[in-house]
Amino acid sequence: MGLNIEENQKLVADILEAYPKKARKDREKHFQVANDQAIDCGTCAVKSNIKSRPGVMTPRGCAYAGSKGVVWGPIKDMVHISHGPVGCGQYSWGSRRNFANGTLGIDNFTAMQITSDFQETDIVFGGDKKLAVIMREITEMFPLAKGISVQSECPVGLIGDDIEAVSKKMSKELDMPVVPVRCEGFRGVSQSLGHHIANDAIRDFVMGRAELAETGPYDVNIIGDYNIGGDAWASRILLEEMGLRVIAQWSGDGSLNELEIAHKAKLNLIHCHRSMNYMVDHMEKAYGIPYLEYNFFGPTKTYESLRAIAALFDETIQENCEKMIAKYKPVMDAVISKYRPRLENKTVMLMIGGLRSRHTIGAYEDLGMDIVASGYEFAHKDDYEKMLPMLEEGTIVMDDPTAYELEELTKKMNIDLVGSGVKEKYVYHKMGVPFRQMHSWDYSGPYHGFDGFKVFAKDMDMTVNSPVWKLVGRKGSTQPEEAGV
Amino acid sequence: MSRDELNIKDNTSLFKEARYLQQRENKKQFEAPCSEQETAEALAYSKSAEYMEKNFSRQNVVINPHKACQPLGSVMAALGFEKTLPFVHGSQGCNAYFRSHLSRHFKEPTPSVSTSMTEDAAVFGGMNNLIDGLENSIALYKPEMVAICTTCMAEVIGDDLNAFIGNARVKGVISEEYPVAYCNTPSFVGSHITGYDAMLKGILSYLYTRSGIESKPGSGAESGEKLNVMLGFEPYTGNFAEMRKILAAFDTKYTILGDHSGNYDSPATGEYEYYYGGTKLEEVPQAANALGTLSLQKYTLKKTQEYISGTWNQQIAALSTPLGITGTDKLLEAISELTGLPVPAMLTEERGRVVDALMDSHPYLHGKRVALVGDPDLLIGLIGFCLETGMEPVHIICSNGDVDYNEVKFKEEAEALLAASPYGSEATVHVGRDLWHMRSLLLNDKVDLAIGSSHLKFAAKDAEVPLVRVGFPIFDRHHMHRYPIIGYQGTLNLLSLIVNTILQQLDDHNSGFNFELVR
């Protein structure tokens, strides 16, 4: 099955047949097969950012995951309290690979699990008093912590604790920012609302609170890069080589001060538009800072983005930009000429969180690979509108696809590479389908920028062409079709 | 361009390059970091006795605890039964976390669904979510049983699972006969082991009650030598295989109650099947007629054991994780007592070979000071193993103590075990403490070796203590769970891990002249 509009429409319809009527009706709205009309004008019929059906094995997480796990957790010099029972903090402890410089437990608190560990009595009597004590204890244990955030888990909202009042009081007492974040897991339909809530808390409690000693014409912010495997560093190095001055990096390897001075930038450069668009919109309105969505996956998109960024500055920057591209292009061409022949025409299915399902398309295309299905866990309408023009006719677009749908698509579309998360990964290993974790780069990376593309290309080749896949027996035969290498 | 010119560096080496070190320095002007002196002082202070005292006097904040929440254990328990779909009633993020966490440990898929409750369910209750969820999940994933547990959200709003499942039947979403087991697993009570116990008891009691069978202990198998075995919250699939090997050697019939080893060690065949292995549902009511039940995690399985000894009226041999020679001896004695069968010669021989191995290695183990972290039953096993090899447990932390069995609490048993050996005289058992406490202990009272899960790696690194990864979760090493750590074979595996870690240390820290060929 390739990229044929009618065939793929039928394929999707066939797959959805398995659902009970009510769920089928809902799931139908989450699929679209790209046609020329949709591609040309980005018209999107896909329903998104609405509730998942109960019982369907959605890939989605919750608001807490969006706030603590994505946005706040990587702010390295603040202590983030997972406020509520022990689980949420435990499961989000060190699993998103937000690299940060600093000494863990001293001036860097990223890969730690700091929790109020709610017991039954806290549910009955409330956790507010305990929260205040916890904050005092945090300053005792971590004297260099610059601030505290309170990441609410489900019970906190349900029992009606007033974390805002406690935070306000303790902020005064401890003389540091204490930020209440209402990111209880039951709020909203996915991580996405958690990003929004986290952004609002940054806006309300830290933004504009500090000054930059000297501002300059080339001051920019990196917004929405979480430094998975060092991505933000591999991006920052290009911006700085071009002559720009990155004054804040949100939130991978980020610090409180960077949140507080970011309003002094001349331009916001936003990578993960899905998780931090609220921020750049606000900063544009409140401080008149324009923003640009950029994409540093794969050389084609990186050149495009670098030029688009440079175009917003003067000739010096533009010249630097061209020099830089001239410098790196031979290296990128060499990477492509090495790996493209090994990956040409391989089909790819992507199902990633909120941005990489579209941002990585260019990188795969640079390697000659074809995206045949792409979907998001928790995207909104604008993400689909931006993705559609990047696709070929017949590509299947899907929102919040369930484990069942992904497996059926893989079986029926002859997929050569699946890019998704850890919940999906081992299913594809059973199926003998090459797989990369595109939430966490499978503990590799970086993938951003020119340094990152080298790793990306190497990893995709390693994955698609590993001889291990050929050892897998197929159904109905006791021997592998092609044993050995 | 040659391979060298392409020079592909990933995060392990890339960021050590001068240009990135320069970037790191440059970025500091915007970070408003603490001065190098302040950081150095804070680091030194964090390692001091004064800090340790403060650390141990904190009352409320919990830092790096060694426990997860109840429903995670329930999901594992549900996967121990044939064609059973774990079903988590509450906010969907919990289910995503359980699936990720378990998959990161086992490197295997974790099929499990959620009722995806949101704000409206918080107000009106999650009944509609549960009914729709049953309809959808049964249509898609075709389980032969659904096993529902709750999250803290469902518990706080007080959802009544029994009534909801009843209503699903009344509405015809599931038939009267379709098996749906359930348990309540509030995350603010106990830990993952409590949740494992709740679900195991939930499934056993549900399948037994609905079968209409009235238990007559000892009457089930024709031969009258059938045994029930429970491994509990078991992070080692290899331990199931080891138990099967031991039971086969006894030539006894047995039923493993809760066997997730199939689901967490399934073959790559080109097709994903969702359900692999597990205790057969029809075997559960029959298990009520067995001679007796062997439990390998007595603190974990407290309520299940009470149920089996009460309702099924069975004798129970309740042990902790059978590690080491003495621990395995006790296991074999217990099987002998329950079945009346002698210990097979094959196992006695195996014992002899492992004792031989312990003798070979004892010079490198003797007197080694050890820190231990884990769940209660694992710790009892580990303490026993350390003591019988001459290793000296010094710091023992159990975040999810102090569960009791027959009114003996974990801490009491651990302390009694330690007190009975000269090698246990320096040990302190800390219950309800976390890995930040362990960090202070390791820094202020040095040990030679730490044994615990991947989460212990941070404290071990700060204290420059080598870590032997044992327990749950092990995220950062591959395939550890495939090798048993129980029984004589498991003891040999554990010994190899430990002694070779110590030998590696000797090589790493050699003085030049003692970089020796023969050890």
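This structure is a prediction, so every number in the text was calculated from the model and none was measured.

**Regarding the overall build of chain B**
Across its full length, chain B holds 21 helices and 16 strands. Relative to the 2.2 N^0.38 estimate, which gives 24 Å for 519 residues, the radius of gyration of chain B is 25 Å and therefore close to what a compact globule would have. Projected onto its principal axes, the C-alpha positions of chain B cover 70 × 60 × 60 Å. A total of 519 residues make up chain B; the buried ones form 61% of that total. Element-wise, carbon and sulfur atoms account for 50% of the exposed surface of chain B, whose accessible area totals about 19,400 Å². Computed over 45 positive and 64 negative side-chain charges, the separation of the two mean positions in chain B equals 4 Å.

**Notes on the overall build of chain A**
Each helix and strand counted, chain A has 21 helices and 14 strands in total. What you see for chain A is a C-alpha radius of gyration of 23 Å, in line with the 23 Å of a compact globule of 485 residues. The principal-axis extents of the C-alpha atoms in chain A amount to approximately 70 × 60 × 45 Å. For chain A, the proportion of contacts with a sequence separation of at least 24, taken over those separated by at least 6, is 71%. Carbon and sulfur atoms provide 51% of the accessible area of chain A, an area that totals close to 15,600 Å².

**Here we look at the packing of aromatic side chains**
Residues and elements named next belong to chain A. For the structure shown, the criterion picks out 32 aromatic pairs over all chains. Their ring planes at 25° and their centres at 6.0 Å tell us that Phe453 and Phe456 sit as a pair that is stacked. Taken as a pair, Phe453 and Phe456 lie in helix α21 (residues 449–464) at a separation of 3 residues, close to a single helical turn. An identical accessibility class is assigned to Phe453 and Phe456; each is buried.

**As for the confidence of the model for chain B**
Per-residue pLDDT for chain B has a mean of 96; in total, 98% of the residues score no lower than 70. As a predicted assembly, this complex carries a pTM of 0.97 together with an ipTM value of 0.97.

**Remarks on the sheet that holds strand β10 (residues 369–373) of chain B**
Residues and elements named next belong to chain B. Reading across from one edge, β14-β11-β10-β15-β16 is the order of the 5 strands in this open sheet, with parallel pairing throughout. Each having just a single partner strand, β14 (428–431) and β16 (467–469) make up the two edges of the open sheet. If you compare each strand with its neighbour and ignore which way they point, the axes differ by 15° on average. Both strand β15 (residues 449–452) and β16 contribute to a ladder of 3 bridges, which runs parallel. Note that in β16 the partner of Ile451 across the bridge is Val468. Contacts from helix α17 (residues 376–389) reach β10, β11 (392–398) and β15, with the element oriented near 175° to β11.

**Looking at the sheet that holds strand β9 (residues 291–293) of chain A**
Paired through backbone hydrogen bonds, the strands of a sheet run either parallel or antiparallel to each other. All names here are of chain A. Judged by pairing direction, the sheet is parallel, and its 4 strands sit side by side in the order β7-β6-β8-β9 without closing on themselves. Since the sheet does not close on itself, it has two edges, and those belong to β7 (245–251) and β9, each with one partner. When strand polarity is set aside, the average angle formed by the axes of neighbouring strands in this sheet is 20°. Sheet topology note: the strand β6 (residues 219–225)/β7 ladder contains 5 bridges and is parallel.

**Regarding unusual backbone geometry**
A negative phi angle characterises most non-glycine residues, just as the trans form characterises most peptide bonds. Residue and element names in this part refer to chain A. Following Trp250, the chain continues to Ser251 via a peptide bond in cis, the omega torsion being -20°. Counting through the fold element by element, Ser251 comes out in strand β7. With an omega of 5°, the peptide bond running from Gly445 to Pro446 counts as cis. Of note, the phi angle at Tyr443 is positive, near 65°, even though the residue is not glycine. Residue position: Tyr443 is located in the loop between β14 (435–437) and α21. Accessibility expressed as a relative area gives 42% for Tyr443, which makes it partly exposed.

**Focus on the pairing of strand β4 (residues 145–150) of chain B**
Residue and element names in this part refer to chain B. Within β4, 6 of the 6 residues are buried, which leaves the element mostly enclosed by the surrounding structure. The pairing of strand β2 (residues 84–89) with β4 spans 6 bridges and is classified as parallel. Within β4, the residue paired with Phe87 across the bridge is Ile148. Direction of pairing for β4 relative to strand β5 (residues 180–183): parallel, over a ladder of 4 bridges. Note on β5: the bridge partner recorded for Ile148 is Tyr182.

**Notes on the nonpolar core**
Grouped together as the largest cluster of nonpolar side chains are 153 residues, with contacts concentrated most on Trp72(A), Met242(A), Trp250(A), Tyr364(A) and Trp312(B). In this view, Trp250(A) contacts Ile202(A), Met207(A), Ile222(A), Ile223(A), Gly224(A), Asp225(A), Glu258(A), Leu259(A), Ala262(A), Met276(A), Met279(A) and Met283(A); residues no more than four positions away in its chain are not counted.

**Describing helix α9 (residues 163–174) of chain A**
Residues and elements named next belong to chain A. Given a rise of 1.5 Å per residue, 12 residues ought to cover 16 Å, and the 16 Å separating the end C-alpha atoms of α9 matches this to within 8%. Here α9 has its buried residues at Ile163, Val166, Ser167, Met170 and Leu174. Down the axis of α9, the sector holding all buried residues measures 95°, keeping them to one side. Structural note: α9 exposes Lys168 and Lys172 on the side pointing more than 90 degrees away from its buried face. Close packing links the buried residues of α9 with β2 (78–83), α7 (128–141), β4 (147–152), α8 (154–158) and β5 (178–181). Where α9 terminates, the next one or two residues include Asp175, which has phi positive at roughly 55°.

**What to know about α17(B)**
Relative to the 20 Å expected for 14 residues at 1.5 Å per residue, α17(B) spans 20 Å between its end C-alpha atoms, a close match to the ideal helical length. Pro376(B), Asp377(B), Leu378(B), Leu379(B), Ile380(B), Gly381(B), Leu382(B), Ile383(B), Phe385(B), Cys386(B), Leu387(B) and Thr389(B) are the residues of α17(B) that are buried.

**Here we look at a positive patch on the surface**
Judged by side-chain charge, Lys21(A), Lys25(A), Lys29(A) and Lys47(A) come together as a positively charged surface patch. The exposure class assigned to Lys47(A) is partly exposed, which follows from its relative accessible area of 43%.

**Details of the pattern of salt bridges**
Residue and element names in this part refer to chain A. Under the criterion given, the structure shown has 67 salt bridges over all chains. Of the charged contacts in the structure, one is a salt bridge between Glu184 and Arg187, with a shortest N-O distance of 2.6 Å. Taking relative accessible area as the criterion, Glu184 reaches 0% and is therefore assigned buried. Arg342 is paired through a salt bridge with Asp461; the nearest N and O atoms lie 2.7 Å apart. With a gap of 119 residues between them, Arg342 in helix α15 (residues 315–343) and Asp461 in helix α21 connect regions that are remote in the sequence. Given the relative accessible area of 38%, Arg342 is considered partly exposed. For Asp461, a relative accessible area of 9% gives the class buried. Through salt bridges with shared partners, a single network forms among Arg274, Glu293, Arg358, Asp382, Asp383 and Lys386.

**Some points on the interface of chain B and chain A**
With 100 residues of chain B at the interface, the matching set in chain A holds 120 residues. A combined buried area of about 9,100 Å² lies between chain B and chain A, and 62% of that area is made up of carbon and sulfur atoms. The largest contributions to the chain B side of the interface with chain A come from Phe30(B), Tyr97(B) and Phe188(B), which together make up 9% of the buried area. Linking chain B to chain A there are 9 salt bridges. A salt bridge links Glu108(B) to Lys430(A); its shortest N-O distance comes to 2.7 Å. Across the contact surface, chain B and chain A share 40 residue pairs in polar contact (both at pLDDT 80 or more).

**Re the side chain of Thr321(B)**
Residue and element names in this part refer to chain B. By the secondary structure assignment, Thr321 is in the loop between β9 (315–318) and α15 (324–339). Of note is the side chain of Thr321, whose polar atom sits 3.4 Å from the backbone oxygen of Asp377. If near-sequence neighbours (up to four positions away) are discounted, Thr321 is found in contact with Leu296, Gln297, Asp377, Leu378, Gly381 and Ile486.

**A few points about the environment of Gly66(A)**
Residue and element names in this part refer to chain A. Within the secondary structure layout, Gly66 lies in helix α4 (residues 63–72). For the pair Gly66 and Leu350, spaced 284 residues apart in the sequence, the C-alpha separation amounts to 20 Å. Setting aside chain neighbours within four positions, we find Gly66 in contact with Val71, Gln191, Gly194 and His195.

**Focus: the packing of helix α19 (residues 403–413) of chain A against helix α20 (residues 422–431) of chain A**
Residue and element names in this part refer to chain A. It is the contact of α19 with α20, at a shortest axis distance of 11 Å, that shows an interaxial angle of 35°. Considering only the axes of α19 and α20, their crossing is right-handed. Between α19 and α20, the contacting residues are Leu406, Glu407, Thr410 and Lys411 on the first element and Glu424, Val427, Tyr428 and Met431 on the second. Its residues assigned to classes, the contact of α19 with α20 comprises 4 nonpolar, 1 polar and 3 charged.

**Focus on the packing of α15(A) against α21(A)**
Residue and element names in this part refer to chain A. Packing of α15 against α21 brings their axes to within 10 Å, and their N-to-C directions diverge by 10°. In terms of orientation, α15 lies roughly parallel with respect to α21. Across from Tyr328, Val331, Met332, Val335, Ile336, Tyr339, Arg342 and Leu343 in α15, the residues of α21 making contact are Phe450, Phe453, Lys454, Ala457, Lys458, Met460, Asp461 and Val464. Of the residues contributing to the contact of α15 with α21, the split by class is 12 nonpolar, no polar and 4 charged.

Reading guide: rules and limits
Residues numbered from 1 in each chain as written. Chains lettered and ligands numbered in written order. Predicted model: local features only at pLDDT ≥ 70, side-chain atom pairs only at ≥ 80, totals over all residues. Heavy atoms only, no water. Helix = DSSP H or I, 4+ residues; strand = E, 2+ residues; numbered from the N terminus. Rg over C-alpha atoms; globule rule 2.2 N^0.38 Å. Buried < 20%, exposed > 50% of the residue type's maximum accessible area, 1.4 Å probe, protein only. Areas by Shrake-Rupley, 256 points an atom, 1.4 Å probe, with all protein chains shown as cover. Lys, Arg positive; Asp, Glu negative; His and termini not counted. Charge placed at Lys NZ, Arg CZ, Asp CG, Glu CD. Contact = heavy atoms within 4.5 Å. Phe/Tyr/Trp six-rings, centres within 6.5 Å; stacked < 30°, edge-to-face > 60°. pLDDT = per-residue confidence, 0-100. Pairing = 2+ DSSP bridges. Axes fitted to C-alpha atoms, helices over the stretch in contact; angles between N-to-C directions. Core = buried A, V, L, I, M, F, W, Y, C linked by side-chain atoms within 4.5 Å. Expected span 1.5 Å × (residues − 1). Arc of directions from axis to C-beta. Patch = residues over 30% accessible without salt bridge, like charges linked within 9 Å, V, L, I, M, F, W, Y side chains within 5 Å. Salt bridge = Lys/Arg side-chain N within 4 Å of Asp/Glu carboxyl O. Buried area = accessible area lost by both parts, 1.4 Å probe. Polar contact = N/O pair within 3.5 Å; in protein donor to acceptor, adjacent residues only side chain to side chain. Left-handed = near helix turned anticlockwise from the far one by under 90°. Nonpolar A, V, L, I, M, F, W, Y, C, P; charged D, E, K, R; others polar. Parallel < 35°, antiparallel > 145°, perpendicular 65-115°, else oblique.

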